Amino acid sequence: AAVAGLAALRAGGGALVDVAMAPVARLARGDVRRPEREAEMRAGACYLDDVVVAPPRARRTVGPAAPLGAHTADVMAEIGVRQWD
């Protein structure tokens, strides 16, 4: 997600980056229970183990995005991080 975000910034435009946030939140919290599984492409379809995964899709916007960092304190509090440096 970070690499895709930086690439979009460097390219000067917006991009849809579809990322599962649960593992990101666990990593930010320091939870290293087990590595995440990776999806793989087979015969033109994306699979997670033996289950077909739906391709990413564009979603309708519902308004402008919040300013960068507007929700950081709330999110960090939700996952139990007291101070964000």
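See the structure printed just above.
What you are looking at is a predicted structure, and each value in this text was computed from that prediction instead of being measured.

Visitor: So what exactly am I meant to see when it comes to the sheet that holds strand β3 (residues 51–53) here?
Guide: For sheets, the rule is that strands pair by backbone hydrogen bonds, running either parallel or antiparallel. On the basis of which strands lie adjacent, the open sheet formed by three strands has the order β1-β2-β3 and antiparallel pairing. Edge positions in the open sheet fall to β1 (40–42) and β3, since each of these has one partner strand only. Across this sheet, the average inter-strand angle for adjacent strands is 50 degrees, counted without regard to direction.

Visitor: Sorry if this is basic, but what is going on with the environment of valine 81 here?
Guide: The residue valine 81 is located in the segment after α3 (72–78) in this model. For the pair valine 81 and alanine 28, spaced 53 residues apart in sequence, the C-alpha to C-alpha distance is 8.5 Å. Sequence-distant contacts of valine 81, that is, excluding residues within four places in its chain, are made with Ala28 and Met76.

Visitor: Just checking my understanding: could you explain the pairing of strand β2 (residues 45–48) for this structure?
Guide: Walk down a regular strand and you will see the side chains alternate between the two sheet faces. Two strands pair when backbone bridges link them, and β1 and β2 are joined in this way by three bridges, in the antiparallel orientation. For glutamate 40, the partnering residue across the bridge sits in β2 and is tyrosine 47. For β2 and β3, the ladder comprises three bridges, and the chain directions are antiparallel. From the neighbouring strand, leucine 48 faces β3, where its bridge partner is valine 51. Connecting the antiparallel pair β2 and β3 is a turn made up of two residues, with aspartate 49 showing a positive phi of about 60 degrees.

Scoring rules and cut-offs
- Residues numbered from 1 in each chain as written.
- Predicted model: local features only at pLDDT ≥ 70, side-chain atom pairs only at ≥ 80, totals over all residues.
- Heavy atoms only, no water.
- Pairing = 2+ DSSP bridges.
- Helix = DSSP H or I, 4+ residues; strand = E, 2+ residues; numbered from the N terminus.
- Axes fitted to C-alpha atoms, helices over the stretch in contact; angles between N-to-C directions.
- Contact = heavy atoms within 4.5 Å.

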